[in-house]
Amino acid sequence: MRPIFGLRTNLVLNIHCFSNSKLQRIFITSSSPKQPINDVTLLIASDELQRCTSLTTLRKLHAKIFSYGLYHTSLWTKIAALYVSFERVDAAKFAFEFLSNPSSYLWNILIRGYATHGFFGQSLGLYREMMQKGLKPDKFTFPFALKCCAGLSDLNVGRLVHQHLVCCGCSHDVFVTAALLDMYAKCSHTEAARLVFDKMSVRDVVCWTSMISGYAHNGCNSETMVFFDLMRASGVQSNRVSILSVLLACGNLGALRKGEWLHSYVIQTGFEHDILVATAVMDMYTKCGSLELARRLFDDTPGKDVVCWSAMIASYGIHGQGRKSLDVFNDMLRAKVKPNHVTFTCILSSCSHSGLLEQGKKCFESMAKDFGISPQLNNYACMVDLLSRSGQLSEAEELIQNMPVEADASIWGSLLGACRIYGNLDLAERIADRIFELDPFHAGYHVLLSNIYAAKSRWKEVERVRRMMVRRGTNKVQGLSLIEFNNVVHKFGVRDRSHPQSNKIYDLLDELVGPMKRLGYVPLIDFVLHDIEEEAKEEALLYHSEKLAIAFGLINTPPGTPIRVTKNLRICGDCHNAIKIISRIVNRIIIVRDMYRFHHFEDGHCSCGDYW
DNA sequence: ATAGGGTTAG
């Protein structure tokens, strides 16, 4: 064996005399740092770091390098980078702090490390520190600083980073701009994202996808669809991520025809075997109202993971088929796929929609007992909802008070919803103030309370709540209903007359109201908040957005075909009654998706069994 | 060395 220590000129030659494993052994096993430190030791250490593939080896090497007193920037940079690659950002930070003058490269590695593991605050802290030290962030720094702003939804810091990257001359880098665009989109500022997008001279698939996904996640569903088509028209090949976003938007719109086209596109482009895409297609079918197509795809998908199984459970849930959800859950356990807390959220909400109180309770108990999953806020929320809807109001209140996490407005809101169903004004009054404290600008809770008063003919209080809403300036969301026809999604608001077929639509509703009343339809005027005459209240109800969309469907679609409508809010009680009767009069299946679930109306009945 | 991502209560 030749000596491992030699002259610099012999270095390469000497190193090559050893096999890789031998090199490693010699470096690791040499017990004390008595040998002289020279270039060779450094080179060997560096070589071993290069080949290091496990955290254990890295720790040993790190200790060795430290005990040898090898305080070279290049080695410690490698050590830090390796710790980041093994997801040990804090260990990397330790190595980083050891250096008096870490390079920008190493700063970037750490900023990236914190950002990609969700430690956004720490990452931004380092970014600030880097600038205080007089180091200039570069095109590798900004994407991660922006990712942190996006992750924190912090538009103010995001804007500062934007200014800074312009000053640093990085505003033309494609990675930086894509991250900038994404930051604005994730901070719900789609207009600013669009400005960034429009200014780009070169747009790759990632930039297009950031814009598409930004639109999709901000509810700009039509824009998502348009941009997906524009991207393909401009010659950019879509990939799995852009397809995921467009499927999300398509599901939000409830555009089944377009969705079927997208499914065939997925098959054509070879993404059908991608479990993420397959799950998204399934979810799209579910949200477009076709449980059958969702189930068929589910059965045809091999290698289902926990997300895919949970999605199928959720599908049956929002269509009100709780027992099927439980069947799928049992199949999942038989397939040896481990459920997570989302799976339980899906099951519990499914039980809640179907009124399966005992089964839901059992699942909730078994979460921790049999699966070692401690319930999270969502799981408690479902459980409170299940108890509330089932009429166990005091049990629900007790659970809220005893759960280890602080209840938010929406959990109390479930209980308030149950107060409306069961006419419990005392409890409603008792919890309303707390809800308004937690979320003072939510129009829905005010409307709910007002409806509870209205049901008891307490008109003075109805008026008081109405004034409260005006005073607080609650964020009223306009009710919208969508219906797809001939590949176009038609949109209707309350008393909307902007549609070209408005006259026909209003005429049809006016014609229908007589036969509806003969079949027992009584307008539920306590769903009208305004202080107006009875007759006007009836009229206000008749032109609710969901009724307009259904009338449009009746006019334009062939007899016997189902009508599918998507509503952005919860379906109103009067519409629910009216649509049941309309389904009988016109002999059509009418499928309405509201904010929370599906209602399949047929021959005077609804699949929810009026339990919603 | 870098950006975009499927299921989740009300």
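Residues numbered from 1 in each chain as written. Chains lettered and ligands numbered in written order. Predicted model: local features only at pLDDT ≥ 70, side-chain atom pairs only at ≥ 80, totals over all residues. Heavy atoms only, no water.

In the annotation of an unreviewed UniProt entry, the entry for chain A reads DYW domain-containing protein, and the organism field reads Cannabis sativa. Entered under Sequence similarities (unreviewed entry) in the UniProt record, the comment concerning chain A runs "Belongs to the PPR family. PCMP-H subfamily." (UniProt positions renumbered as here; feature names shortened; annotations may be inferred.)

Visitor: I keep staring at the overall build of chain A and nothing clicks. Help me out?
Guide: A tally of regular secondary structure across chain A gives 32 helices and six strands. For chain A, the share of sequence-separated contacts (at least 6 apart) that also reach a separation of at least 24 residues comes to 63%. The average position of the 68 basic charges and that of the 60 acidic charges among the side chains of chain A differ by 7 Å. (Helix = DSSP H or I, 4+ residues; strand = E, 2+ residues; numbered from the N terminus. Contact = heavy atoms within 4.5 Å. Lys, Arg positive; Asp, Glu negative; His and termini not counted. Charge placed at Lys NZ, Arg CZ, Asp CG, Glu CD.)

Visitor: Is there a simple way to think about the protein's contact with DNA strand B in this case?
Guide: Neighbouring residues of DNA strand B: 46 residues in total, closest Asn239, Arg240, Leu276, Asp385 and Ser410. Close to the protein, within 4 Å, the atoms of DNA strand B belong to sugar or phosphate groups at a rate of 41%. In this structure, Asp204 approaches DNA strand B through a side-chain N or O atom, which is 2.6 Å from a base nitrogen. The contact in question runs from a base nitrogen of DNA strand B to an N or O atom on the side chain of Thr279, over 2.9 Å. Take the surface near DNA strand B: its biggest share by element is six residues, from helix H13 (residues 205–217). Class assignment of the residues belonging to the surface near DNA strand B gives a composition of 19 nonpolar, 14 polar and 13 charged. (Near = heavy atom within 4 Å. Polar contact = N/O pair within 3.5 Å; in protein donor to acceptor, adjacent residues only side chain to side chain. Nonpolar A, V, L, I, M, F, W, Y, C, P; charged D, E, K, R; others polar.)

Visitor: What is the right way to read the UniProt feature "repeat: PPR" (unreviewed entry) in chain A from this model?
Guide: When the UniProt feature table is mapped onto this chain, "repeat: PPR" (unreviewed entry) is found at residues 103–137, 204–238, 305–339 and 340–375. Span residues 204–238 is 74% helix and 0% strand, its end C-alpha atoms 10 Å apart. Its end C-alpha atoms 10 Å apart, residues 340–375 is made of 81% helix and 0% strand.

Visitor: Mind showing me how you'd approach the pairing of strand E1 (residues 480–485) here?
Guide: Sheet faces and side chains relate simply in a regular strand, where the side chains alternate between the two faces. Pairing between E1 and strand E2 (residues 488–493): six bridges, direction antiparallel. Across the sheet, residue Ile483 finds its bridge partner in E2, namely His490. Taking the residues that link successive antiparallel strands as the turn, the E1-E2 hairpin has two residues, and the phi of Asn486 there is positive, at about 50 degrees. By the bridge criterion, two bridges tie E1 to strand E3 (residues 563–567) in an arrangement that is antiparallel. Bridge pairing in E3 links Leu482 to Thr566. (Pairing = 2+ DSSP bridges.)

Visitor: I tried to follow the packing of helix H14 (residues 221–233) against helix H15 (residues 240–253) on my own but got confused; where do I start?
Guide: Two packed helices can be described by the angle between their axes and the distance between those axes. Where H14 meets H15, the axes come as close as 8 Å, and the angle between the chain directions of the two elements is 145 degrees. Read as a crossing pair, H14 and H15 show a hand that is left-handed. Here Asn221, Ser222, Thr224, Met225, Phe228 and Met231 of H14 come into contact with H15, specifically with Ser242, Ile243, Ser245, Val246, Ala249, Cys250, Asn252 and Leu253. In terms of residue class, the contact of H14 with H15 is made up of eight nonpolar, six polar and no charged. (Axes fitted to C-alpha atoms, helices over the stretch in contact; angles between N-to-C directions. Left-handed = near helix turned anticlockwise from the far one by under 90°.)

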